[in-house]
Number of protein chains: 2
Amino acid sequence: MASIAVIGAGAVGGYYGALLARAGHDVRFLLRSDLETVRARGLDVRSVQGDFRLPVVAAFATPDEIGPVDWVICTLKATALADARELIRPCLGPRTRILALMNGLGIEDQFAAWFGGDRVFGGMAFVCINRGGPGVIHHLEYGRVSIAHYRDDEAELDALRELLESGGIEAGVAPNLLYARWEKLCWNIPFNGLSVAAGGVGTQTILRDKALRSVAEQAMQEVTAVGNADLAAAGSTARLDGDEVVRRMFALTDTMGDYRTSMLIDFVLGRTLEVEAILGEPWRRAEALGVTAPTIGTLYALVRAADQRGRGLMRGLGPEDVRQAPVV
Amino acid sequence: MASIAVIGAGAVGGYYGALLARAGHDVRFLLRSDLETVRARGLDVRSVQGDFRLPVVAAFATPDEIGPVDWVICTLKATALADARELIRPCLGPRTRILALMNGLGIEDQFAAWFGGDRVFGGMAFVCINRGGPGVIHHLEYGRVSIAHYRDDEAELDALRELLESGGIEAGVAPNLLYARWEKLCWNIPFNGLSVAAGGVGTQTILRDKALRSVAEQAMQEVTAVGNADLAAAGSTARLDGDEVVRRMFALTDTMGDYRTSMLIDFVLGRTLEVEAILGEPWRRAEALGVTAPTIGTLYALVRAADQRGRGLMRGLGPEDVRQAPVV
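Conventions used here
Residues numbered from 1 in each chain as written. Chains lettered and ligands numbered in written order. Predicted model: local features only at pLDDT ≥ 70, side-chain atom pairs only at ≥ 80, totals over all residues. Heavy atoms only, no water. Helix = DSSP H or I, 4+ residues; strand = E, 2+ residues; numbered from the N terminus. Rg over C-alpha atoms; globule rule 2.2 N^0.38 Å. Buried < 20%, exposed > 50% of the residue type's maximum accessible area, 1.4 Å probe, protein only. Contact = heavy atoms within 4.5 Å. Areas by Shrake-Rupley, 256 points an atom, 1.4 Å probe, with all protein chains shown as cover. Expected span 1.5 Å × (residues − 1). Arc of directions from axis to C-beta. Polar contact = N/O pair within 3.5 Å; in protein donor to acceptor, adjacent residues only side chain to side chain. Domains from an automatic or database assignment. Buried area = accessible area lost by both parts, 1.4 Å probe. Core = buried A, V, L, I, M, F, W, Y, C linked by side-chain atoms within 4.5 Å. Phe/Tyr/Trp six-rings, centres within 6.5 Å; stacked < 30°, edge-to-face > 60°.

1. Focus: the overall build of chain A
Thought 1: A count of helices and strands for chain A gives 14 helices and 10 strands.
Thought 2: Relative to the 2.2 N^0.38 estimate, which gives 20 Å for 328 residues, the radius of gyration of chain A is 20 Å and therefore close to what a compact globule would have.
Thought 3: When the 328 residues of chain A are sorted by exposure, 62% land in the buried category.
Thought 4: Excluding contacts between residues fewer than 6 apart, the proportion of contacts in chain A whose partners are at least 24 apart in sequence is 70%.
Thought 5: On chain A, roughly 12,500 Å² of surface is accessible, and the fraction owed to carbon and sulfur atoms is 48%.

Structure follows, in structure tokens:
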């Protein structure tokens, strides 16, 4: 049994951490808003694969209380990346491994720069999950984690896969980290982007509206083109097949129900959006690689504008705001 | 002096009609919501070029009361095009000419089919204008009208130019109708589109935000490409110069102040948007001509989604809406 620190235990960290704790691992959760509730009542997972409760959970307010562990699973929002260094460091021993289970490009590069690349992994969770309330996690669909090691070390990957599978988590090894990141972006860019840019819509609205669906496809094709150029520039021979990705991602999304993406939820709750990790950084890669990506650029600009204006953007704007004083 | 029916006298019709009435023409306004106010108090134009009042205005509730005139100036919203036939017909005599001072592609084709092409003109108003209240028009900037005749008849164009100039309205003759329409769309597609798609922003926000500005440029370049393909397909040798258009349109917009586009105003006031005329029809032309226009397509899909969901799209969506019941 391993000791595991879950840093940033929102819905994703809470869910995967709970699965590992249920399997008997020593899982220590770093919590903020839900700390008292989880300490008092544990974690409640309402899952499509079967509900379960952890009545007693090791919940902490600071990483110093957690101390060194075998594994750190970092599930912070990409917007909190700057805080990750100080939150992870107290949990590191000489052999501690770190899994970045986060959105965005460039996360592992940052972790490798801070902590050394040999111990760094990336994980891409394909899962529909929400926080249902303090200490309550709603797991709606899927759950597979696509994993990669920063230096493509196969023995290390085996260790991570074994850990995840011991908790009943389906783990797939990606051709490499960059491939896995771009593959995840094939979903995140169109669906997270459109969910906010189209004014607050779930995935079924995007799929059923012919025009939105066509924009989602167009964005996905751009993501595979940029991703493949990025893979080639990095010397990798792995490639995403645009048409196959579109088919697969749309088939996945078709069975999701009217899922609200994490970006939409963040937007509605007035949180900072993961706009740079999911849209800005990929768009800058496209520019740097000379790949035209007008749809990614447009979604980036629109989601960024929404993020800057915040949730009140429509609420605050009334008829009185368009009655402009004449220029005199 | 000419008799003129202004059909659909919103801000644009009210403004140009008032200029012609001030010059002594017999201008008859078809009004709806402002009818009683305008009958009682006339029209009040607060203009960057000098305020003026028309204390007595010929205002009517039906086109039958207006009767046949020399000129019909149709300033209906493109969304009301289906009503135009019945509203214009009572104003037609055998020699009545019709100027479509409206947004969108294909308007004059429709008018020509209904009334014969010899009498049909198109006008593209480059003007910043708002309704300030019942019977009150705010003219903020510009005012030039670019005109074309459905059959490129030069003598007819002289007649229209003389009419407009008699009212102090600057008129420029476009190379042809299709060119004029696409030139206007070079402004309307990026700025009307982004003003709504970015969540309710004025033109200065678009110009000052690097990402939005770059999307506006990208959209404008796509519009010139589609417009030029459309001109070529129609056998015209006229061409829009993408870089010149971008420079000119941005220079125009730079001096506008934080202008709220007509589409944004419609959106905030809960009116139907001119989404098909300004975005949908150009996008379908692009598809038919085989010109890639991903930015136009994206703006079309997003504005269409906003139009369908209406102004409440953000207001109504609260934290309770993202707390999804788990799938069981």
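That covers the picture; the talk isn't over yet.
2. Points about helix 10 (residues 242–254) of chain B
All names here are of chain B.
Thought 1: Spanning 13 residues, helix 10 covers 18 Å between terminal C-alpha atoms, matching the ideal 18 Å at 1.5 Å per step.
Thought 2: Turning to helix 10, its buried residues number three or more, namely Gly-242, Val-245, Val-246, Met-249, Phe-250 and Thr-253. In an axial view of helix 10, the angular spread of the buried residues amounts to 120°, which keeps them on one side of the axis.
Thought 3: Looking at the buried side of helix 10, the elements it contacts are strand 8 (120–133), helix 7 (177–197), helix 8 (203–208) and helix 9 (210–233).
Thought 4: Structurally, the start of helix 10 carries an N-cap: the backbone nitrogen of Asp-243 is 3.2 Å from a side-chain oxygen of Asp-241.

3. Focus: the domain arrangement of chain A
Residues and elements named next belong to chain A.
Thought 1: Annotation of chain A at the domain level lists domain 1 (3–174) and domain 2 (179–310).
Thought 2: For domain 1 and domain 2, the distance between their C-alpha centres works out to 24 Å.
Thought 3: Listed per partner, the contact involves 25 residues of domain 1 and 24 residues of domain 2.
Thought 4: Carbon and sulfur atoms supply 59% of the area buried between domain 1 and domain 2, which totals about 2,000 Å² over both sides.

4. So, the nonpolar core
When a protein is soluble and globular, its nonpolar side chains tend to lie buried together.
Thought 1: Membership of the largest hydrophobic core comes to 116 residues, with the highest contact counts inside it found for Leu-279 of chain A together with Leu-279 of chain B.
Thought 2: Ignoring sequence-local partners within four residues, the contact set of Leu-279 of chain B consists of Ile-189, Gly-193, Met-263, Glu-274, Ile-296, Leu-299, Tyr-300 and Val-303 of chain B.

5. Quick notes on the side chain of Ser-3 of chain A
Thought 1: Along the chain, the position of Ser-3 of chain A falls in strand 1 (residues 3–7).
Thought 2: In contact with Ser-3 of chain A, not counting residues within four places along its chain, are Asp-26, Arg-28, Val-69, Asp-70 and Trp-71 of chain A.

6. Things to note about the packing of aromatic side chains
Residue and element names in this part refer to chain A.
Thought 1: Applying the stated rule across the entire model yields 16 aromatic pairs over all chains.
Thought 2: Look at Phe-111 and Phe-115: their rings are 6.1 Å apart centre to centre, the planes differ by 70°, and that puts the pair in the edge-to-face class. Of this pair, Phe-111 and Phe-115 both sit in helix 5 (residues 107–115), 4 residues apart, which is roughly one turn of that helix. Each member of the pair, Phe-111 together with Phe-115, is buried.
Thought 3: Ring pairs connect the aromatic residues Phe-111, Trp-114 and Phe-115, which therefore count as one cluster.

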